[in-house]
2 protein chains.
Amino acid sequence: MLMKSPVKKAEKSTQPLLVIGTVAVDSVETPFGKREECFGGSASYFSYSASFFTPVRLVAVVGKDFPGQYRKVLEERNINLEGLQVHPTGKTFRWKGKYDFDLNNAQTLETHLNVLLEFDPVVKGGDQVDFLFLANFDPALQMKVLKQVDRPRVKLAALDTMNFWIQNKPKDLKAVIEHVDLIVLNDGETRQLTGENNLIKAARKIREMGPDIIVVKKGEHGVLLFFRDQFFVLPAFPLESVFDPTGAGDTFAGGMMGYISKQGTVTFDTLKKAVAYGSVMASFAVEKFSLDRLRELKQADIEERLAEFRALTKF
Amino acid sequence: MLMKSPVKKAEKSTQPLLVIGTVAVDSVETPFGKREECFGGSASYFSYSASFFTPVRLVAVVGKDFPGQYRKVLEERNINLEGLQVHPTGKTFRWKGKYDFDLNNAQTLETHLNVLLEFDPVVKGGDQVDFLFLANFDPALQMKVLKQVDRPRVKLAALDTMNFWIQNKPKDLKAVIEHVDLIVLNDGETRQLTGENNLIKAARKIREMGPDIIVVKKGEHGVLLFFRDQFFVLPAFPLESVFDPTGAGDTFAGGMMGYISKQGTVTFDTLKKAVAYGSVMASFAVEKFSLDRLRELKQADIEERLAEFRALTKF
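Remember, it's a predicted structure, so these values are computed and weren't measured experimentally. (Residues numbered from 1 in each chain as written. Chains lettered and ligands numbered in written order. Predicted model: local features only at pLDDT ≥ 70, side-chain atom pairs only at ≥ 80, totals over all residues. Heavy atoms only, no water.)

## Structural notes on the overall build of chain A
Each helix and strand in chain A was counted, giving 11 helices and 13 strands. The C-alpha atoms of chain A give 18 Å as radius of gyration, which agrees with the globular expectation for 315 residues (20 Å, within 12%). With the principal axes as the frame, chain A shows a C-alpha extent of 45 × 45 × 40 Å. Looking at chain A as a whole, 60% of its 315 residues are labelled buried. Contacts in chain A between residues far apart in sequence, at least 24 positions, make up 68% of those at least 6 positions apart. Summing over all exposed atoms, chain A offers an accessible surface of approximately 12600 Å²; the carbon and sulfur share of this is 49%. Of the charged side chains in chain A, 42 are positive and 40 negative, and the gap between their average positions amounts to 4 Å. (Helix = DSSP H or I, 4+ residues; strand = E, 2+ residues; numbered from the N terminus. Rg over C-alpha atoms; globule rule 2.2 N^0.38 Å. Buried < 20%, exposed > 50% of the residue type's maximum accessible area, 1.4 Å probe, protein only. Contact = heavy atoms within 4.5 Å. Areas by Shrake-Rupley, 256 points an atom, 1.4 Å probe, with all protein chains shown as cover. Lys, Arg positive; Asp, Glu negative; His and termini not counted. Charge placed at Lys NZ, Arg CZ, Asp CG, Glu CD.)

## Some details on the environment of Gly41(A)
All names here are of chain A. The topology assignment puts Gly-41 in the loop between β3 (33-40) and α1 (42-50). Gly-41 sits in the buried class, given a relative accessible area of 11%. Sequence spacing of Gly-41 and Leu-312 is 271 residues, and the spatial spacing of their C-alpha atoms is 31 Å. Not counting the four nearest positions on each side in its chain, Gly-41 is found in contact with Thr-22, Val-23, Ala-24 and Asp-26.

## Things to note about the environment of Val129(B)
Mapped onto the elements, Val129(B) comes out in the loop between β7 (106-112) and β8 (131-134). Those residues within four positions of Val129(B) in sequence are excluded, and the remaining contacts are Leu18(B), Arg57(B), Val149(B), Arg153(B) and Val154(B).

## Describing the relation of the copies chain B and chain A
Two copies of a chain can be linked by a rotation about an axis combined with a shift along that same axis. When chain B is fitted to chain A, the best match, at an RMSD of 0.0 Å, comes from turning it 180° and sliding it 0.0 Å along the axis. The operation mapping one copy onto its partner corresponds to a two-fold rotation axis. Most of the interface of chain B is mirrored in chain A, where 100% of its interface residues are also at the interface. (Least-squares fit on C-alpha atoms with pLDDT ≥ 70 in both.)

## Brief notes about the pattern of salt bridges
All names here are of chain B. The final tally for this structure, using the stated rule, is 40 salt bridges over all chains. Salt-bridge contacts for Asp-65 lead to Arg-94; the nearest nitrogen and oxygen are separated by 3.0 Å. Of the two residues, Asp-65 sits in the loop between β4 (56-62) and α2 (68-76) while Arg-94 sits in strand β6 (residues 94-99), which places them 29 residues apart along the sequence. The partner of Asp-120 in a salt bridge is Lys-144, and the shortest N-O contact between them spans 2.8 Å. One end of the pair, Asp-120, is in the loop between β7 and β8; the other, Lys-144, is in helix α3 (residues 139-146), with 24 residues separating them in the sequence. (Salt bridge = Lys/Arg side-chain N within 4 Å of Asp/Glu carboxyl O.)

## Some thoughts on the sheet that holds strand β12 (residues 223-227) of chain A
Residues and elements named next belong to chain A. Reading across the sheet, the nine strands line up as β5-β4-β1-β8-β9-β10-β11-β12-β13 and stay open at both edges, with mixed pairing between neighbours. Each edge of the open sheet carries a strand with a single partner, namely β5 (80-86) and β13 (230-234). Each strand axis lies, on average, 15° off the axis of its neighbour in the sheet, ignoring direction. Where strand β11 (residues 213-217) and β12 come together, five bridges link them in antiparallel fashion. Among the inter-strand pairings, Ile-214 is bridged to a residue of β12, identified as Phe-226. Against the sheet, helix α6 (residues 187-194) touches β10 (182-186) and β11, its axis set at about 110° to β10. (Pairing = 2+ DSSP bridges. Axes fitted to C-alpha atoms, helices over the stretch in contact; angles between N-to-C directions.)

## Let's talk about the interface of chain B and chain A
Facing 30 residues of chain B, the contacting portion of chain A comprises 30 residues. Summing both sides of the interface, chain B and chain A together bury roughly 2900 Å²; the carbon and sulfur share of this comes to 57%. Linking chain B with chain A are four salt bridges, by the criterion used here. Its salt-bridge partner being Glu220(A), residue Arg191(B) comes within 3.8 Å of it at the nearest N-O pair. Connecting chain B to chain A are 12 residue pairs in polar contact (both at pLDDT 80 or more). Among the elements of the structure, α7 (199-209), β13 (230-234), α9 (268-285) and α11 (299-313) of chain B are those that each provide at least two residues to the side of chain B that touches chain A. Examining the composition of the side of chain B that touches chain A, we find that six residues originate from one element, α11(B), more than from any other. A per-class count over the side of chain B that touches chain A returns 15 nonpolar, five polar and 10 charged. (Buried area = accessible area lost by both parts, 1.4 Å probe. Polar contact = N/O pair within 3.5 Å; in protein donor to acceptor, adjacent residues only side chain to side chain. Nonpolar A, V, L, I, M, F, W, Y, C, P; charged D, E, K, R; others polar.)

Structure, rendered in structure tokens:
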């Protein structure tokens with residue numbers, strides 16, 4: 001089941017994209033304001049963003065205190081919530097963070113894992129998954145999910161992670177990296193994972209670990225995409241006001257994976273456009289707190305900003 | 001004479017680009033090696049780079065110890081050295097610096113201004129200047145140069161500066177900024193000059209100080225170009241090995257100004273391509289010590305890398 005399939009061209013997918021990650025209640029403070037108990041979590045941002053491109057299934061866990069209005073936010077985008085477990089007694093995962101003026105680094109003030117502590121992800125219909133996104137999570141659990149899907153069927157299995165797992169669970173992490181097609185990391189994580197300062201050399205090292213596709217996020221400085229021996233560079237969409245960077249990475253990944261799923265095949269051209277769509281989605285997400293800006297979005301806004309982005313970068 | 005002329009479209013220029021800056025002897029240490037007493041200086045890098053696009057005149061000063069072989073390097077590119085003063089007794093400006101592994105910041109170990117201490121720039125044929133680049137220097141001297149050219153004739157007057165002048169000579173600096181069309185700064189300097197963290201907002205503030213064109217260099221993260229109300233973003237040309245970043249900024253400016261001078265007119269389209277050519281030239285410069293890599297360059301190498309750059313960034 002764990003055999004890694006080559007990235008393949010295949011018929012248009014009719015199956016949804018599956019994401020496993022967190023659904024959270026966040027409290028966020030930025031230089032521009034603060035918000036208590038707002039909607040957050042990697043799987044929330046990811047699935048909301050991806051839903052503009054393709055049908056999405058979400059696997060996550062919440063507590064019995066999870067606000068109905070937040071569930072409704074996802075339902076309104078037709079996100080399949082059959083895989084959203086509701087713990088009968090526990091509380092929803094909570095994160096409290098603060099950003100300084102440069103907005104590049106979140107300072108975590110509080111983390112209450114709550115129901116995440118005993119989360120045992122269950123994927124129903126694992127033989128129906130074409131595109132899979134393992135959001136940042138304990139790599140042992142990411143592996144558990146990977147084992148529940150029909151891996152040879154999956155056209156693209158993608159992984160996100162963070163410094164904590166690179167440092168504390170390197171063995172588990174490398175095991176799961178070996179079995180995915182795409183990994184998304186920020187520049188610091190890329191260097192940490194490989195011990196290599198130059199990102200091109202670092203990407204080559206990661207490729208030797210397994211994935212054919214490496215996406216390096218550099219925040220306000222854009223993205224590097226490596227696909228086998230080819231690569232692509234994209235600046236970030238320039239914004240005059242970044243209000244709240246929470247969820248930018250997950251929104252980026254959602255736009256990227258959503259676009260790839262919609263195309264149904266994995267080519268370099270598709271990947272380049274996917275990364276551009278991801279950047280556009282992230283540029284919206286950071287303009288307001290929580291998912292607020294994404295909730296106002298219309299399909300036309302996305303296409304308009306993509307066109308603007310193209311004009312801004314063409315010479 | 002100091003009236004600022006609007007950026008104007010004009011007939012193809014036949015006059016050379018003039019640069020005033022330093023010609024230096026550098027000693028550089030990087031994680032990859034070290035080099036004593038090699039050829040350097042802002043005007044050297046600038047003029048060498050620009051010479052691939054347009055005729056260049058250089059105004060600078062050296063000591064009587066200035067190596068003939070370094071003068072020859074510039075002469076081989078037909079750079080007009082009539083404005084290169086040779087001090088009868090003094091020594092050439094010397095800089096000694098070191099880079100750590102991230103290669104982003106030079107640590108200055110020694111600076112011997114030597115002949116720069118009494119440099120009094122003289123521009124002969126100041127009524128024949130169409131394009132002017134004031135490399136990083138004491139803003140009072142930059143102003144002195146500006147007063148020696150026929151400002152209304154100059155199609156584009158451009159300025160570089162650094163943190164030292166922003167901090168220690170803000171009044172002189174603002175006086176000269178007011179009278180140029182283009183300013184080139186790195187991201188840190190842009191924030192320092194304006195007290196504004198967001199680069200788009202910062203550029204707007206700088207525009208209010210005078211220049212219509214603001215070029216913000218972000219090193220390995222690329223360039224932002226602001227032209228009146230429009231802007232353009234370009235990632236850096238991605239390099240696997242950066243060997244020695246010395247002179248990258250001046251080489252960038254040389255390519256940019258050289259290309260603009262060659263076109264003879266200042267349009268947004270020309271500026272975008274100019275910034276791309278500048279980035280390409282800088283990407284070569286950092287591949288070896290001193291001007292070594294530039295000295296190997298052929299015109300075709302430049303066009304080839306520009307085409308590669310375009311492919312790398314297009315989606």
